[in-house]
Amino acid sequence: MRILNLFKIAWRAIILNKVRTLLTMLGIIIGVASVIAMLAIGEGSKESIKTKISSMGSNMITVRPGADMRGGVRLDPSAMQTLTLGDYEALKTQTKMLSAVSPLVNGSGQSIYGSRNWPTSIYGITEEYLKIKVWEVKTGSIFTDQEVKSAAKVAVIGQTVATNLFQNENPIGKMIRFNSIPFKVIGVLEKKGESTFGQDQDDVILSPYTTVQKRILAQDYLESIVASSLSEEKSQQAVDEVSQILRERHKITGDKEDDFNVFSMEEMISTFSSTSEMLTILLVAIASISLLVGGIGIMNIMYVSVKERTREIGLRLAVGGKDTDILMQFLIEAIMISVTGGIIGVSLGLGTTLFIEKVLHWPTAVTSYSIVISFLVCAITGIFFGWYPAKKAASLDPITALRYE
């Protein structure tokens, strides 16, 4: 019953000073809303990155030539030619941790159909490439193994190429030219959208790697090899196995540096997630300054409240009130201000998050722990910053307090 009375007294004091209380709450409200919104943006961006990378093939492994890199520039031109068809064949036949392997060569140029043309890229691959990239053919079909062996001039085009070259026509069976080489369109890919790096994945032409090597690039080496591990969990084992096979083929022993690079999507996801987490922590730390300012505001207002109500405190003590009652009265008042500000702040934070997602179209993800942490911080802030003024009120001498003007 005593606690209930203390809550009533604290609530009455808050109601009597509505404007002052609201201004005191502002720091808490802004701080809580900022923390929730910043955490939502951070979590949303992390999930968005994971989704976009996974859409490229969550268990994809890429092998690229060369290791002599400084500042992003390859110093030795011959390092670009360290991957061969023999490496691809070895990976295809010797690995136990890969479910699919495809060589990859690519070039850029102008695609032409009738009077229309479109600058794009052509990728030389095998039919397993679509399985690795988790991609489907929307209409038509992918080229066969026999067409790869015979270096057939056939192509499967992305949605962007199809839209710009054919507009409302059906591309299947039509002839296009890429850098003056004719190709028969046998398929159109499902829409893939932008990659994590903002690249339009649908702006592409796929053709047998043998065709691209012989008829367009005139080269016998590979620009990369892409593969898919048996599962996402086994990606690292697959990376180790691929590295071991290529080291043996390239006769690299001991501590000699590899002349190739092997990396998985898991590594990329981990790197991007770590960066995103660091940025989120930084944003939350900045937003938390508002909570500190709000806490100081609570302490300031409670201290003023103690001064204003000195005679009231003296009277309570004179008629038998205990120090602990006075302490609890002011402490409860501080906690109520803090928690009420927290509730308003959570509502504002959720509203801000919804605005960011619907209007600004930024990815967001509100987590339950961000709301729980916000409430805990509010309660702790109320206790921490309300303790000193409450303690000061409880320690007043009744006689001195009654004489206070």
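The structure presented is a predicted model; accordingly, all values stated were derived computationally and were not measured.

**Student:** Explain the confidence of the model for the protein to me, using residue names and the numbers behind them.
**Tutor:** Mean pLDDT over the protein stands at 82; residues scoring 70 or higher make up 88%. The least confident element of the protein, judged by mean pLDDT, is strand 2 (residues 69-70) at 46; the most confident is strand 7 (residues 154-157) at 96. With pLDDT under 50 throughout, residues 68-75 is counted as low confidence; its partners more than four residues away or in other chains account for 11 contacts.

**Student:** Outline the UniProt feature "transmembrane region" (unreviewed entry) in the protein, supporting the account with residue identities and numerical values.
**Tutor:** UniProt tags residues 21-42, 278-306, 327-356 and 368-388 as "transmembrane region" (unreviewed entry). Along residues 21-42, the helical share is 100% and the strand share 0%, with 32 Å between the first and last C-alpha atoms. Strand forms 0% of residues 368-388 and helix 100%; the C-alpha atoms that close the span are 32 Å apart.

**Student:** Any chance you could break down the packing of aromatic side chains for me, citing the residues and the numbers?
**Tutor:** As enumerated under the stated definition, the model contains 2 aromatic pairs in all. With a centroid separation of 6.2 Å and 70° between ring planes, the pair formed by Tyr88 and Tyr209 is classed as edge-to-face. Of this pair, Tyr88 sits in helix 3 (residues 85-94) while Tyr209 sits in helix 7 (residues 209-217); the two residues are 121 residues apart in sequence, bridging distant segments of the chain. Both residues of the pair, Tyr88 and Tyr209, belong to the buried class. Taking the centre distance of 4.4 Å and the plane angle of 40° together, the rings of Tyr113 and Phe166 count as tilted. Of this pair, Tyr113 sits in strand 4 (residues 98-113) while Phe166 is found in helix 6 (residues 159-166), placing the two residues 53 residues apart along the sequence.

Definitions and cut-offs
Residues numbered from 1 in each chain as written. Predicted model: local features only at pLDDT ≥ 70, side-chain atom pairs only at ≥ 80, totals over all residues. Heavy atoms only, no water. pLDDT = per-residue confidence, 0-100. Helix = DSSP H or I, 4+ residues; strand = E, 2+ residues; numbered from the N terminus. Contact = heavy atoms within 4.5 Å. UniProt positions renumbered as here; feature names shortened; annotations may be inferred. Phe/Tyr/Trp six-rings, centres within 6.5 Å; stacked < 30°, edge-to-face > 60°. Buried < 20%, exposed > 50% of the residue type's maximum accessible area, 1.4 Å probe, protein only.

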